[in-house]
Amino acid sequence: MEMRKESPRKSRSLNIVIRNSEEATQRHMVPEIPTQDDDLLSVCDLVFEIAQAKSYIVGDNTGWNFEVESWPKGKKFMAGDILVFQYLANSHNVVKVNHQGYRTCSVPRGSFMATSGNDHIKLVKGNNYFICNFPEHCSSGMRIAVFAN
C-alpha cells in the first residue's frame with residue numbers, strides 16, 4: 001500500500017493505492033485526514049479498515065455462472081469488499097442493477113456494465129445487485145444479491 005500526500009494544508013488528503021496479488025490496482029481518495037500527532041491513531045484505524053477489505057471470487061471455483069444465485073448465502077460482506085467476476089467475456093457480462101432490475105432481470109437506464117471476463121467491483125454499504133443480461137441468463141439463475149455491512 002502506498003500513501004501520497006495530495007496537499008500541504010493542515011488537514012491533508014491522501015491518495016491510497018492498493019495492489020492485490022494479481023497486481024490489479026485500485027485507487028481510493030481519503031479526504032481530509034488530520035495531521036496532528038494525537039490524531040495519528042484515527043489515521044491508523046482508517047488505514048487498517050481499508051487494508052481489511054477482502055476479495056471474493058463470485059461462484060468460487062466455477063466463477064460467474066448459472067448456479068451462482070445462492071453463492072452469497074452464509075457469507076459476511078463489508079462495504080469496500082471486492083467481488084471478482086470471472087467468466088468468458090463473449091458469453092456473459094455483469095451488470096450492477098437496482099432491486100427492481102434484479103427482481104425482473106432488466107437493466108435500468110444508467111446501470112454499470114462490466115464485460116472484461118475478470119471484473120473487480122467494490123461493494124457499497126447496503127444491498128448490491130448483479131445480473132448477467134445476456135438473453136435468459138438472469139432468469140436461469142445468473143444473478144446475485146449481496147448485502148454489505
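Structure shown above.
In every chain, residue numbers begin from 1 and rise along the written sequence. With pLDDT at 70 or above as the cut-off, local features in this predicted model cover only qualifying residues; side-chain atom pairs require 80 or more to be listed or tallied, and sums for whole chains, interfaces and linings still use all residues. With hydrogens and water set aside, each side-chain value is computed from the structure's full complement of heavy atoms.

## Thoughts on the pairing of strand E5 (residues 82-86)
- Residue burial is assigned from relative accessible area. The probe radius is 1.4 Å, only protein chains are included, and a residue is buried under 20% of its type maximum, exposed over 50%, and partly exposed in between. Under the DSSP-based scheme used, a helix requires at least four consecutive residues in state H or I and a strand at least two consecutive residues in state E, with every element numbered from the N terminus. Of all five residues in E5, four are buried, a share of seventy percent or more.
- Sheet analysis places strand E4 (residues 55-57) next to E5, joined by three bridges and oriented parallel. Along E5, the bridge assignment pairs isoleucine 57 with valine 84.
- Here E5 pairs with strand E8 (residues 118-122) via five bridges, running antiparallel. Across the sheet, isoleucine 82 pairs through a bridge with lysine 122, a residue of E8. Paired strands, in this sense, are two strands between which DSSP finds at least two bridges.

## Regarding the packing of aromatic side chains
- Between rings of Phe, Tyr and Trp, where Trp is taken as its six-membered ring, a pair exists when centres lie within 6.5 Å; planes separated by under 30 degrees are stacked, by over 60 edge-to-face, and by other angles tilted. Summed over all chains, the structure comprises six aromatic pairs.
- Between tyrosine 56 and phenylalanine 77 the ring centres are 4.8 Å apart and the planes differ by 65°, which places this aromatic pair in the edge-to-face class. In this pair, tyrosine 56 sits in strand E4 while phenylalanine 77 sits in the loop between E4 and E5, placing the two residues 21 residues apart along the sequence. In this structure, tyrosine 56 and phenylalanine 77 share a single accessibility class: buried.
- Measuring from ring centre to ring centre gives 5.2 Å for tyrosine 102 and tyrosine 129, while their planes differ by 40°; the resulting arrangement is tilted. A residue pair is termed long-range when its members are at least 10 positions apart, and tyrosine 102 in helix H2 (residues 99-104) and tyrosine 129 in strand E9 (residues 126-131) qualify at 27 residues.
- When its relative accessible area of 12% is taken as the criterion, tyrosine 129 is described as buried.
- What links up through ring pairs into an aromatic cluster is the set Tyr56, Trp71 and Phe77.
- By definition here, charges over rings are those cases where NZ of Lys or CZ of Arg is within 6 Å of the ring centre and within 35 degrees of the ring normal. Against the face of tyrosine 102 rests arginine 143, its NZ or CZ located 4.7 Å from the ring centre.

## With respect to the side chain of asparagine 65
- With respect to the helices and strands, asparagine 65 occurs in the loop between E4 and E5.
- In the analysis that follows, any N or O atom pair within 3.5 Å is treated as a polar contact, provided that within protein one partner can donate a hydrogen and the other can accept it, and provided that, for residues neighboring in sequence, both atoms belong to side chains. A polar contact of 2.7 Å, which involves the side chain of asparagine 65, links it to the side chain of threonine 62.
- Only 2.6 Å separates the side chain of asparagine 65 from the backbone nitrogen of glutamate 67, close enough to count as a polar contact.
- Here, two residues are considered to be in contact whenever any of their heavy atoms come within 4.5 Å of each other. If near-sequence neighbours (up to four positions away) are discounted, asparagine 65 is found in contact with Gly141 and Met142.

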